[in-house]
Amino acid sequence: MPIATPEVYAEMLDRAKAGKFAYPAINVTSSQTLHAALRGFAEAESDGIIQISTGGAEFLGGQHNKDMVTGAVALAEFAHIVAAKYDITVALHTDHCPKDKLDTYVRPLIDVSAERVKAGRNPLFQSHMWDGSAETLADNLAIGQELLAKAAAAKIILEVEITPTGGEEDGVTHEINDELYTTVDDALRTAEALGLGEKGRYLLAASFGNVHGVYKPGNVVLRPELLKDLQEGVAAKHGKAAGAQPFDFVFHGGSGSTAEEIATALENGVVKMNLDTDTQYAFTRPVADHMFKNYDGVLKVDGEVGSKKTYDPRTWGKSAEAGMAKRVTEACANLRSTGTKLK
């Protein structure tokens, strides 16, 4: 069962929360980066999440048409075939989707899965993200209610981002300021609008100073202990037992996070952590190394013919896959998911 069924995906998330670990969610943009992610999970003996952003889906759709749905569906179908060769379980997810792209990305993809479920099959994707962080919280949650109902009917989990993550992700930009911290009131309003599972399961990307992109440790003030306040505030309001964690949190903008910050986030209910920037670099770095060391082979310098063995994409592509796979295994270790794969 390399691609999780809805029931298995729910079990994966439950196991992560109970075990205080999280799944790396790896953004992919090609069949090769997909294999790198799968290989990294397999080598770490960890299950995981593969995700495609709107920009990634557009790239996958080809530069002639740049159709996001075509790109996402094509790679998802490919993943259903090739993942069978890896001894781990993965869920397929779509990353940040703002309001202006819902009708050309998430809504059509939910419809694809709804048709599959109607025919007695499993959904194509196991979860989708609605990023309403650029909207007012009221509008964000209103759209979230509509999408959650559609997702639940198609046996899909919805991810919602209720407050901004700093930096830039596929054209959605937020300043780095005090708005990067979700309040208990924000969490209470979310629980009131979306429920706590009875209306459909969802993952919550709350903000605790997170910033997308590249930054060094100490340059961004992360407060993962804030997640405990959100859990306790909602638990108390809804009569949950002491220590209950009503939310399944997602950690966005984690590049440069310290081990202590990650550990605190895991203790407070984070079950998924996104990786994109670091894995992009890990994929590209070996390619740059190959090109610099073999410039006279990959280029036809001074009238020479170059070397087919050095400019053959398979040559440097294998190194790129290995580099990214290694970074995925490191992420599994950081998030404590190493060795936790479903038996």
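Residues numbered from 1 in each chain as written. Predicted model: local features only at pLDDT ≥ 70, side-chain atom pairs only at ≥ 80, totals over all residues. Heavy atoms only, no water.

### Brief notes about the overall build of the protein chain
As a reminder of what qualifies: A run of H or I in DSSP counts as a helix once it spans at least four residues, and a run of E counts as a strand once it spans at least two, with each numbered from the N terminus. When we talk radius of gyration, it's over C-alpha atoms, and the globule rule is simply 2.2 Å times the number of residues to the 0.38. Throughout this description, buried means an accessible area under 20% of the type-specific maximum (1.4 Å probe, protein chains only), exposed means over 50%, and partly exposed covers the range between. By the convention used here, residues are in contact when the closest approach between their heavy atoms is within 4.5 Å. Here the open area of atoms and residues is found with the Shrake-Rupley method and a 1.4 Å probe, where only the protein chains shown may cover a residue. When charges are counted, Lys and Arg contribute as positive and Asp and Glu as negative, whereas His and the chain ends are disregarded. Every charge is mapped onto a representative atom, which is NZ of Lys, CZ of Arg, CG of Asp or CD of Glu.
Helix and strand content of the protein chain: 13 helices and 10 strands. Relative to a compact globule of 343 residues, whose C-alpha radius of gyration would be 20 Å, the protein chain shows 20 Å and is just as compact. Projecting the C-alpha coordinates of the protein chain onto the three principal axes gives extents of approximately 75 × 50 × 40 Å. Burial status across the protein chain gives 53% buried among its 343 residues. Considering only residue pairs separated by 6 or more positions, the protein chain has 74% of its internal contacts joining residues 24 or more positions apart. If you sum the accessible surface of the protein chain, you get close to 15,000 Å²; carbon and sulfur atoms cover 52% of it. Taken as two groups, the 35 positive and 47 negative side-chain charges of the protein chain have centres that lie 6 Å from each other.

### Focus: the confidence of the model for the protein chain
We count it as follows: As a per-residue measure, pLDDT reflects the predictor's confidence and takes values from 0 up to 100.
Mean pLDDT over the protein chain: 93, with 92% of residues reaching 70 or higher. Below a pLDDT of 50 lies the segment residues 172-177, which in the model reaches 15 contacts outside its immediate sequence neighbourhood of four places, other chains included.

### Observations concerning helix α6 (residues 137-153)
Heads up, the condition is: In this scheme, a helix's expected span is set at 1.5 Å multiplied by one less than its residue total. As used here, the arc is the angular range of directions from the helix axis to the C-beta atoms.
A rise of 1.5 Å per residue sets the reference length of α6, with its 17 residues, at 24 Å; its end C-alpha atoms lie 24 Å apart and thus fit the reference within 8%. The set of residues buried in α6 consists of Leu137, Asn140, Leu141, Ile143, Gly144, Leu147, Leu148 and Ala151. Projection of α6 onto a plane perpendicular to its axis shows the buried side chains occupying an angular sector of 165°, all on one side. Against α5 (106-118), β4 (127-131), β5 (157-161), α7 (184-194) and β8 (202-205) lie the buried residues of α6. Of the residues trailing α6, Lys155 is marked for its positive phi of about 60°.

### Overview of unusual backbone geometry
In the Ramachandran plot, Asp302 falls in the positive-phi region, its phi being about 50° despite a non-glycine side chain. Of note, Arg336 is a non-glycine position whose phi angle comes to about 70°, a positive value. Looking at the element boundaries, Arg336 is found in the segment after α13 (313-334).

### Overview of the environment of Val69
Examined against the element boundaries, Val69 turns out to sit in helix α4 (residues 68-82). Each C-alpha atom, one on Val69 and one on Ala36, is 22 Å from the other, the two residues being 33 residues apart in sequence. Excluding residues that lie within four positions of it along the chain, Val69 makes contacts with Thr104, Tyr105, Pro108 and Leu109.

### Observations concerning the packing of α6 against α7
Note the following rule: Only the stretch in contact is used when a helix axis is fitted, and all axes are lines through C-alpha atoms; the angle between N-to-C directions ranges over 0 to 180 degrees. By definition, any crossing whose near helix is turned counterclockwise from its far helix by less than a right angle is left-handed, and any crossing with a clockwise turn is right-handed. Charged means Asp, Glu, Lys or Arg here, nonpolar means Ala, Val, Leu, Ile, Met, Phe, Trp, Tyr, Cys or Pro, and polar covers whatever is left, Gly included.
In the contact formed by α6 and α7, the axes pass within 9 Å of each other and the chain directions differ by 35°. In this structure, α6 meets α7 at a crossing whose hand is right-handed. Packed against α6, whose contacting residues are Leu137, Ala138, Leu141, Gly144, Gln145 and Leu148, the element α7 presents Asp186, Arg189, Thr190, Ala193 and Leu194 at the interface. Residues of the contact of α6 with α7, tallied by class, amount to six nonpolar, three polar and two charged.

### Comments concerning the pattern of salt bridges
Stated formally: Basic side-chain nitrogens of Lys or Arg form a salt bridge, by our definition, when they fall within 4 Å of a carboxyl oxygen of Asp or Glu.
Applying the stated rule across the entire model yields 17 salt bridges. Here Arg201 makes a salt bridge to Asp248, at a shortest N to O gap of 3.0 Å. Pair noted here: Arg201 is in the loop between α7 and β8 and Asp248 is in the loop between α8 (226-237) and β9 (249-251), with a separation of 47 residues, a long-range link. Overall, Arg201 belongs to the partly exposed group, its relative accessible area being 23%. Of the charged contacts, one joins Asp312 and Arg314 as a salt bridge, the two residues approaching to 2.8 Å between their closest N and O atoms.

### Details of the pairing of strand β10 (residues 270-275)
How we decide: A strand pair is defined by DSSP finding two or more bridges across the two strands. A clockwise course of the path from the first strand over the helix to the second, judged with the strands pointing away from the viewer, identifies a crossover as right-handed.
Of all six residues in β10, six are buried; the element is thus mostly enclosed. Bridging between β9 and β10 involves three bridges; their strand directions are parallel. Its bridge partner lying in β10, Phe251 is registered against Met273. Note that the unit made of β9, helix α9 (residues 259-267) and β10 has a crossover that is right-handed.

### A short note on the packing of helix α2 (residues 31-44) against α4
What counts here: An angle below 35 degrees is treated as roughly parallel, one above 145 as roughly antiparallel, one from 65 to 115 as roughly perpendicular, and anything else as oblique.
Contact geometry for α2 and α4: axes closest at 11 Å, N-to-C directions at 40°. What the angle tells us is that α2 and α4 run oblique. Crossing geometry of α2 relative to α4 is assigned as right-handed. Along the contact surface, α2 presents Ser31, Leu34, His35 and Leu38, while α4 presents Leu75, Phe78, Ala79 and Val82. In terms of residue class, the contact of α2 with α4 is made up of six nonpolar, two polar and no charged.

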